[in-house]
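Observations on chain architecture
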Amino acid sequence: MIIAVTLICLFALLFMSIPVAAALGLTGIVLSELFAFMPATRGMGNISWQSMNDAVLVAVPLFVLMGEILLRSGVAGRMYGAMAGWLTWLPGGLIHANIGTSTLFAATSGSSVATAATVGTTAIPEAKKYGYSEPLFLGSLAAAGTLGILIPPSINLILYGAMTNTSIPALYLAGIIPGLGLAVLFSLTVVVACLIKPELGGHPVIVTWRERLTSLPHLIPPLFIFMLVVGSIYAGWATPTEAAALGIIGALFIAALGRTLSIPMIKAALTGTIRTTGMLMAIIAAAYFLNYVFGAIGLTRVVTAFFDALALSPFQTLMIIVAFYLVVGLFMETLSLMVATVPIFTPVIVSLGYDPVWFGILVIMLIETALITPPVGVNLFVIQGVRDKGPISDVIRGVMPFVATLLLAIAIMIAFPAIALFLPGLAQ
């Protein structure tokens, strides 16, 4: 009964296009009134204060600001040109530059939407210029943009760690190999598609070795930021929050070197940061309140008892949870899906003997799939918005091979958990 009311209330509010934070908060109020033995709403103010007073969450606006500075400093455009020079010899040409640039930018932005929008703005004008199949070209941008929430520094991994009390440094280490491996699988998908239909790959781009070598310095900034942020964490020099602050200093340094650092640019970056952070923090506060209500009404115990009553094996239970994410992800905005379900499913998964770090990476990969599956795939709308002309069906058709690739990657992750746990194991 409690599970049914929760799902009906939450989905009904979201389908009514009520903002995510309001939908989560209203669901908590309804559940409190119906099932709590005392009004849980009386704790709303205290819960909001405690959730916003978490030092770990200070990293969120800092990483957002770092990404905004890099976004507006022209780093992506220079990266794309360098990647194009080194990857265009592969079948598919510039499509590999889409994936490579997204992979590098993901190591600095922490956001899939920012990655897709930034690289898409740079890359899309090249599609018609060199005669590429627009669907496959656009699909690669939407798919590769999802790497922004898997490759550290990922904002979503910070939220998962905060909600489940899981080590964020361990999650960051766990995301590196799956993130890079997924980028390779995306490129292999393009190679196979272009070998089957060579006309998808457009006209070859001729680049000399001199041009390739002179473009190498443009690949240094994202690697510098990655080493500064992630390296400082694992060297023991900084916490994730302090590393995010170091990342901002590094981003400002890169902007200054590129002569793009200016007062208008900083104002634009701060405005974008305030807007994004306000949305994220409202969702987080509402999610913490909803999770408090879940605890007050015993929803986690009800869900655990439900799975126990089914008498399923741990693997079968895991498959039901994976199927839930894949189906609900078709219709639900990804951040709200994550914050509403992770506190419920993680205790169940851990009680079955699975590692919470591994499950965190699996959840992110499932969320990535939701980002590029219609009808509510956010990255599809981001790329269509950047493209500006033509039907969104082009983007949807082009992303389908990459959805299949993501599902394959999820299957590999389930079959071989060591892919995610190898680096965290070495760090222990």
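Residues numbered from 1 in each chain as written. Predicted model: local features only at pLDDT ≥ 70, side-chain atom pairs only at ≥ 80, totals over all residues. Heavy atoms only, no water.

This paragraph deals with unusual backbone geometry. The omega torsion of the bond from proline 152 to proline 153 falls at 5 degrees, within 30 degrees of zero and hence cis. Positive phi, close to 55 degrees, is recorded for asparagine 165, a residue that is not glycine. Structurally, asparagine 165 is set in the loop between helix H9 (155-164) and helix H10 (168-196). Here arginine 259, not a glycine, exhibits a phi torsion of approximately 60 degrees, which is positive. Tracing the backbone through its elements, the reader meets arginine 259 in the loop between helix H13 (240-257) and helix H14 (263-297). Residue classification places arginine 259 among the exposed positions, given a relative accessible area of 80%. (Helix = DSSP H or I, 4+ residues; strand = E, 2+ residues; numbered from the N terminus. Buried < 20%, exposed > 50% of the residue type's maximum accessible area, 1.4 Å probe, protein only.)

With respect to the element layout, histidine 96 can be found in helix H6 (residues 94-109). The class of histidine 96 is buried, set by a relative accessible area of 1%. At a separation of 2.7 Å, a polar atom in the side chain of histidine 96 contacts the main-chain carbonyl oxygen of proline 91. Leave out the neighbours within four places in its chain, and histidine 96 touches Leu87, Leu90, Pro91, Ser187, Val190 and Val191. (Polar contact = N/O pair within 3.5 Å; in protein donor to acceptor, adjacent residues only side chain to side chain. Contact = heavy atoms within 4.5 Å.)

This part covers the layout of surface pockets. What the largest pocket holds in volume is close to 780 Å³. Taken together, 30 residues make up the lining of the largest pocket; nearest its centre are Ser111, Val113, Ala114, Thr276 and Met279. Every element with two or more residues in the lining of the largest pocket is listed here: helix H4 (59-72), helix H7 (112-129), H9, H14, helix H17 (334-351) and helix H18 (356-371). Of the residues in the lining of the largest pocket, the class split is 16 nonpolar, ten polar and four charged. (1 Å grid on protein atoms, 1.4 Å probe; cavity = no way out; pocket = protein on both sides within 12 Å on 5 of 7 lines; lining within 4 Å. Points joined across faces, edges and corners; volume = space filled by probe spheres on them. Nonpolar A, V, L, I, M, F, W, Y, C, P; charged D, E, K, R; others polar.)

Along the chain, serine 102 turns up in helix H6. Polar contacts involving the side chain of serine 102 include one to the main-chain carbonyl oxygen of asparagine 98, which spans 2.8 Å. When near neighbours in sequence (up to four residues on either side) are disregarded, serine 102 contacts Thr115, Val119, Ala144 and Gly145.

A few words now on the environment of tryptophan 49. Here tryptophan 49 lies in helix H3 (residues 44-52). Considering only alpha carbons, one finds tryptophan 49 and alanine 285, 236 residues apart in sequence, at a separation of 8.3 Å.

This part is about the pattern of salt bridges. Scanning the model with the defined rule gives four salt bridges in all. The partner of aspartate 394 in a salt bridge is arginine 387, and the shortest N-O contact between them spans 2.6 Å. Across the pair, exposure class does not vary: aspartate 394 and arginine 387 are buried alike. Through salt bridges with shared partners, one network takes in Glu134, Arg387, Asp394 and Arg397. (Salt bridge = Lys/Arg side-chain N within 4 Å of Asp/Glu carboxyl O.)

Bringing the packing of aromatic side chains into the picture now. What describes a pair of aromatic rings is the distance from one ring centre to the other and the angle between the planes of the rings. The full count for this structure, using the stated rule, is six aromatic pairs. Considering the side-chain rings of phenylalanine 186 and phenylalanine 402, the 5.6 Å spacing of their centres and the 80 degrees angle between planes classify their relative orientation as edge-to-face. A residue pair is termed long-range when its members are at least 10 positions apart, and phenylalanine 186 in helix H10 and phenylalanine 402 in helix H20 (residues 392-415) qualify at 216 residues. Phenylalanine 402 shares its class with phenylalanine 186; the two are buried. Ring geometry for tyrosine 325 versus phenylalanine 345: centroids 5.8 Å apart, planes at 65 degrees, classification edge-to-face. (Phe/Tyr/Trp six-rings, centres within 6.5 Å; stacked < 30°, edge-to-face > 60°.)

Quick look at a nonpolar patch on the surface now. A cluster of nonpolar side chains, contributed by Leu261, Ile263, Ile266, Leu270 and Ile274, occupies part of the molecular surface with about 450 Å² of accessible area. Along the chain, leucine 261 falls in the loop between H13 and H14. Owing to a relative accessible area of 37%, leucine 261 belongs among the partly exposed residues under this scheme. (Patch = residues over 30% accessible without salt bridge, like charges linked within 9 Å, V, L, I, M, F, W, Y side chains within 5 Å. Areas by Shrake-Rupley, 256 points an atom, 1.4 Å probe, with all protein chains shown as cover.)

Quick look at the environment of alanine 183 now. For alanine 183, the position within the fold is in helix H10. Each C-alpha atom of the pair alanine 183 and alanine 143 lies 9.4 Å from the other, and the pair is 40 residues apart in sequence. Those residues in contact with alanine 183 that lie beyond four places of it in its chain are Ile99, Thr103 and Leu147.

Bringing the confidence of the model for the protein into the picture now. With 95% of its residues at a pLDDT of 70 or more, the protein has an overall mean of 83. Element-level mean pLDDT values for the protein span from 71 in helix H15 (residues 299-310) up to 94 in H18. (pLDDT = per-residue confidence, 0-100.)

Here we take up H17. Helix length check: H17 (18 residues) gives 25 Å between terminal C-alpha atoms against 26 Å at 1.5 Å per residue, within 8%. Counting buried residues along H17, 15 of its 18 residues qualify, which places the element largely inside the surrounding structure. Glycine 353, located one to two residues past H17, shows a positive phi value of around 100 degrees. (Expected span 1.5 Å × (residues − 1).)

The next subject is the packing of H10 against helix H12 (residues 220-234). Two elements in contact, H10 and H12, have axes whose closest approach is 10 Å; the angle formed by their N-to-C orientations is 130 degrees. Regarding the angle of H10 to H12, the classification is oblique. Of the two possible hands of crossing, H10 and H12 adopt the one that is left-handed. The residues of H12 that touch H10, namely those facing Pro169, Ala170, Tyr172, Leu173 and Ile176, are Phe226, Ile233 and Tyr234. Among the residues forming the contact of H10 with H12, the class breakdown is eight nonpolar, no polar and no charged. (Axes fitted to C-alpha atoms, helices over the stretch in contact; angles between N-to-C directions. Parallel < 35°, antiparallel > 145°, perpendicular 65-115°, else oblique. Left-handed = near helix turned anticlockwise from the far one by under 90°.)

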